[in-house]
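Architecture and fold: a report
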Amino acid sequence: MNGQGRVRPTPGKTFALVASLLPAVATLIYGCGTTPGWTRLKPVETKPKPFHQTVFLSSSACQTCHPKQYQEWRTSMHSYAQHSPVFLAFNVYVLTRSGGTLGTFCDRCHTPIGISSGESPTLANDKRSEAAMDSVGCMSCHSQHRNYVESSGLLPVPIPGDPEPIIYGPYYGSQENNPTGDPINQLIKTPHESMRSGLFESAQLCGSCHDVFSPDGFRIEEAYSEWKNGPYARKGIVCEDCHMGPEPGKPFARTELTRDYIVDHNIFPQAPKRYRTNHSFTGPDYSLIPEYGKNALGLGNKQFAALTEHLKQERETLLRNAATVNVDVPHTVAAGSRMTIEVSITNSGAGHNFPTGFASERQVWLEVVVSDASGRQVYASGDLDRYADLRDWESEAVQAGEIPVDWNLTNLEAAFVLTNFRGTQSSAVSTTNRLLNPVPFITPATNPTFSQGFPFAGRIFKEGIPPLQTRTADYEVKVPVDAVGPLKVSVRLRYRNFPPHFLRDLGVGTLADQLQIIDLATLKSEVAIAK
Amino acid sequence: MPYSGRMGRCRTRTARPGPIAALLGAILTLCCAPANAITLFGSNFVSPGQQWDPGLSLFGEELAPRLDVDGLVRFQVLNQQLANQTDDFVTPELDLQTNLQLTATQRVYWLWRPFEYGAREPTYFHFGNDHGWTKRFSETPQALFYEGQPFNWLSPNDRVPLDFTLAIGRIPLFLHNGLWFNNFMDGFQLSKNNIQIGTFSNINIMYFLTLGEDQPGLNLNLANRREAEKRVMGFDMNGDWRNYFFEISYAASYDNSKLPGLDQNLNRGFWAVSITRTFGFNSGVSLRAMGSTGNGTAGAGELAVLETQRGVWGQLLYCNVFGATNQWKTPSVSGSPLSQEGILFTFDRQQATPELNLRGHGTVGNAIGVVLDPRAPITYTPEFGWLIDNEYTSNDQVGLAFQIQADLAHVFIPGNTLSEMVRRGILYGALARLTLLGVRNENTHTAGDRFDFGSMLELIYQF
């Protein structure tokens, strides 16, 4: 270490000067300790914040004039986001395992008005304001007019005490110039100031939250990026076209919609019928809280049951519109030989990967069962263990050696994958990596993670099928010599929101009872056994 | 209430602000700061509060400026017998990281390590007859780069996916678990994520060009300077397919140095392939192979590495094996490619410690260890390693290591609830690590056989 060829400053005076200044600089910075920048995680507050004076902040303020949109939104996942017991459990999990250094990162999307108005991520829900508990309420979206795409929810929203916000949407305000000349595109005079924003006909509005990059560089969710790099973006089919239309999962043009009143006709009889979008934002998720939204909507048991069933059908329609399955089996097979079953899954309807969304969340898998005529099962893949988990490496029954691992399992679920203590990687519940750093500390990424794709600490493993692509899985079935023909082949493409072990890891395992498995496709076939 | 009254608890004596007292004062003061990145300007980093909207845009993205500072303080106390010489050091380290966030994707990042010239050239106190401080100060940033997606505005309706990322400056680059590239490069990277080809849905491709590299721990003779200043351009591609993660890289170097005097030809090619398969929580296998092609025999060779890890009865076993030919080289000038493969192979960037040969070429080696109770606040890791040196100056080695790591905040305030987390407050970020090392060297040539011993205590505080 001779240091030849390098010019070095004389250390003495420079060192003393800088070292002497450091305490002063540090003290100066520290002196600002009362600013929110220093006290990022405030202790749990015991009193709710005083409510605001701004009228159009809480979604209930919109209900009077926009009752249909309110009803759709109130039972949507946008309304449920901050109520979700799984989200709350996950947020506590990652906060406690990162020493709180993850801060408001998750809440920023789940309760944008709450966090923007200064509520701590550790604040209990029953202490939060009404607007905060609207989760992604009306104003979270309808205040947006600037392009904060890929910001992971870091965007300004109206907060208590702000001036009355301008409400943006797809129609021109009464005072705006309407370049289309079509009066249907221009609003009548409204109690609030209204303006048009092109964001409401783009994917970028959705991409401000549905593309999630953690501060330290993990690409946690990439629905927008997947869409952007796929064929739907090139055709100009955006998120709203599939998720806010009359049939979930089928793209529609706004002008194809049946015209309806976007405001209560009794209050605004002069308002014409317009193209009204579906504010249920139908996706694959649903509430795990029984009767969520029932009281807010003032519904009786029968009405709520009907609404719940309607939402379930919408969800299943969306999912079934997303994928198609084909099965190829031989007509005849010899006893004692091997039979190949070829199953192909095509992402035929989703503009992003199938499935997409938060890693570790959505499971889509193939269940393949072969039985002989006597009812004996000769092959199974995609079946569940006694904990209702798939027989993969996360299965507790597999880990305990009770049952064999399902080597042929086709599961499109994504996963968090972390770099281990010394080389190689393994999956994990969250991105906090205690193996690599016993004190996980979330800071801005130390390497260019947008460029390199992931931080050193790990990455997201993705198995989802890109739009219009097909994945094929082959199953080799050994036909027993004493099998009784014909063989019955059953193939199902199945979906559920969470793997049960994930809920147990978060400490909310009891919610697993409410998980629904939806069969997106069921195909049955018979194979004769040649003598 | 961990966030109140901090100043009152922190007493720093600065009546005679000599350099050492000032340094200690600074460190003590910084240790009193809360355990999170500090926002100096703009909307607070992962904090409650409104986002600042200056109403401007940069390359089509909304400008949301924010300036954060974070980093770590580390004290290393080292006692060792290395190459038949006994030494005791106290080595402080300060890493300051500054992040200027410009937009959602664009930022400028700066890493500054003021009290060192670079790796293995720290400020330190040496005990013994010639005891005293060796003081070093450098104003040169260790890393300084811009990264962002500056092309999206060319397709505002997203009809064309122009989400290419550009990174330019002095950039840390770490590929194939550091075996292939592990250094700070001066140059740029141009990359594209989310490329969809068939059922591959997660392909990232990066092109990089280095105009030179940092020179960590190198004896800066003419040959090494030429190595560090050679230009390297390459590609790295990675993605998921079925249950596997693959990473493929290729790079070519060419000697653009104007330094005279050496005949060695630095024009080489480098390739690398890594395949990783995970098996649930705590278990995984990685197979890595890489090689270099040179003109003639200089710099041509191969390395193969098998990394395995498995959770057994709540413990974490790992076993890594490697073998390399004599002339294998990395495109990176880094002299410590095997640093991630075991405690015994770890390159300490402050002081040379007893270690197994971590340069790789001409050796076959193995590290096997177990992390006991890996989820607990205190973990214990015994490790055994060996290395057979096939090079002319053969130095076979066998070693033992034992490492204890303690998350001090969890030790003093145990529990995983929110209230315990809030109570830990500024204590979070403190880590104590004790490492004991013993290496037996059997040298068939001039140096002879010897034992190296070392004990190292590190106190680390992240802020």
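Residues numbered from 1 in each chain as written. Chains lettered and ligands numbered in written order. Predicted model: local features only at pLDDT ≥ 70, side-chain atom pairs only at ≥ 80, totals over all residues.

1. Describing the overall build of chain A
- Along its length, chain A carries 18 helices and 17 strands.
- Dimensions of chain A, computed from the C-alpha atoms along their principal axes, are close to 90 × 85 × 45 Å.
- By residue count, 50% of the 531 residues in chain A fall in the buried class.
- The contacts of chain A with a sequence gap of at least 6 include a subset with a gap of at least 24, amounting to 71%. (Helix = DSSP H or I, 4+ residues; strand = E, 2+ residues; numbered from the N terminus. Buried ≥ 20, exposed ≤ 12 C-beta atoms within 10 Å, placed from the backbone. Contact = placed C-beta atoms within 7 Å.)

2. Describing the overall build of chain B
- The number of helices and strands found in chain B is 5 helices and 25 strands.
- Looking at chain B as a whole, 49% of its 463 residues are labelled buried.

3. Focus: unusual backbone geometry
- The step from Phe 354 of chain A to Pro 355 of chain A runs through a cis peptide bond, and the omega angle for that step is -5°.
- Counting through the fold element by element, Pro 355 of chain A comes out in the loop between strand S9 (338-347) and strand S10 (363-371).
- Along the chain, Gly 485 of chain A connects to Pro 486 of chain A via a cis peptide bond; the corresponding omega equals -5°.
- The residue Pro 486 of chain A is located in the loop between strand S15 (470-478) and strand S16 (487-496) in this model.
- Its identity is not glycine, yet Asn 194 of chain B carries a phi of approximately 60°, on the positive side.
- Looking at the secondary structure, you find Asn 194 of chain B in strand S13 (residues 181-197).
- Here Asn 194 of chain B falls in the buried class, since 25 other C-beta atoms lie within 10 Å of it.
- Non-glycine residue Trp 313 of chain B carries a positive phi angle of around 50°.
- Checked against the element boundaries, Trp 313 of chain B lands in the loop between strand S19 (301-312) and strand S20 (315-324).
- For Trp 313 of chain B, a count of 5 C-beta atoms within 10 Å translates into the label exposed.

4. So, the sheet that holds strand S13 (residues 425-428) of chain A
Residue and element names in this part refer to chain A.
- Pairing is antiparallel in the open sheet, where 3 strands are placed in the order S13-S12-S14. Of all the strands in the sheet, just S13 and strand S14 (458-461) have a single pairing partner and so form its edges. On average, adjacent strands in this sheet sit at an angle of 35° to one another, irrespective of strand direction.
- The pairing of strand S12 (residues 415-419) with S14 spans 4 bridges and is classified as antiparallel. The partner of Phe 416 across the bridge, within S14, is Ile 460. (Pairing = 2+ DSSP bridges. Axes fitted to C-alpha atoms, helices over the stretch in contact; angles between N-to-C directions.)

5. A closer look at the pairing of strand S4 (residues 66-82) of chain B
Residues and elements named next belong to chain B.
- As paired strands, strand S1 (residues 38-42) and S4 are joined by 4 bridges and run antiparallel to one another. Counterpart to Ile 38 in the pairing with S4 is Val 69.
- From the end of S4 to the start of strand S5 (residues 85-101), which pair antiparallel, there are 2 residues, and Ala 83 there has a positive phi angle of about 55°.
- Taken together, the 10 bridges between S4 and strand S25 (residues 450-462) define a ladder with antiparallel strand orientation. Its bridge partner being in S25, Leu 72 is matched across the sheet by Gln 462.

6. Description of the domain arrangement of chain A
Residue and element names in this part refer to chain A.
- The domain architecture assigned to chain A consists of domain 1 (60-282) and domain 2 (321-411 + 465-530).
- On a C-alpha basis, the centres of domain 1 and domain 2 stand 36 Å from each other.
- Facing 18 residues of domain 1, the contacting portion of domain 2 comprises 19 residues.
- Contributions of two or more residues to the side of domain 1 that touches domain 2 are made by helix H5 (85-97), strand S4 (219-222), helix H11 (223-228) and helix H12 (231-235).
- The leading source of residues in the side of domain 1 that touches domain 2 is H5, at 5 residues.
- Counted by class, the side of domain 1 that touches domain 2 contains 13 nonpolar, 2 polar and 3 charged residues. (Domains from an automatic or database assignment. Nonpolar A, V, L, I, M, F, W, Y, C, P; charged D, E, K, R; others polar.)

7. With respect to the nonpolar core
- Membership of the largest hydrophobic core comes to 36 residues, with the highest contact counts inside it found for Ile 171, Leu 303 and Leu 344 of chain B.
- Of all the secondary structure elements, the ones that give two or more residues to this core are strand S11 (143-148), strand S12 (164-175), S13, strand S14 (200-213), strand S17 (268-278), S19, S20 and strand S24 (430-443) of chain B.
- At 4 residues, S12 of chain B tops the list of elements feeding residues into this core.
- If sequence neighbours within four positions are ignored, Leu 344 of chain B has contacts with Glu 355, Leu 356, Ala 367, Glu 383, Gly 385, Gly 399, Ala 401 and Leu 437 of chain B.
- Phe 90, Leu 102 and Phe 502 of chain A together with Ile 38 of chain B belong to the second largest nonpolar core, which has 32 residues in total. (Core = buried A, V, L, I, M, F, W, Y, C linked by C-beta atoms within 7 Å.)

8. A look at the environment of Arg 159 of chain B
- As for its position among the elements, Arg 159 of chain B is in the loop between S11 and S12.
- Judged by the 12 C-beta atoms lying within 10 Å of it, Arg 159 of chain B falls in the exposed class.

9. Focus: the confidence of the model for chain B
Residue and element names in this part refer to chain B.
- Summary statistics for chain B give a mean pLDDT of 88 and a share of 90% for residues scoring 70 or more.
- For chain B, per-element mean pLDDT is lowest for helix H1 (residues 6-9), which scores 33, and highest for strand S6 (residues 107-112), which scores 97.
- This stretch, residues 1-15, has a pLDDT under 50; its non-local contacts, to residues over four places away or in other chains, come to 25 contacts.
- At the level of chain-chain contacts, confidence expressed as ipTM amounts to 0.89, with global pTM at 0.89. (pLDDT = per-residue confidence, 0-100.)

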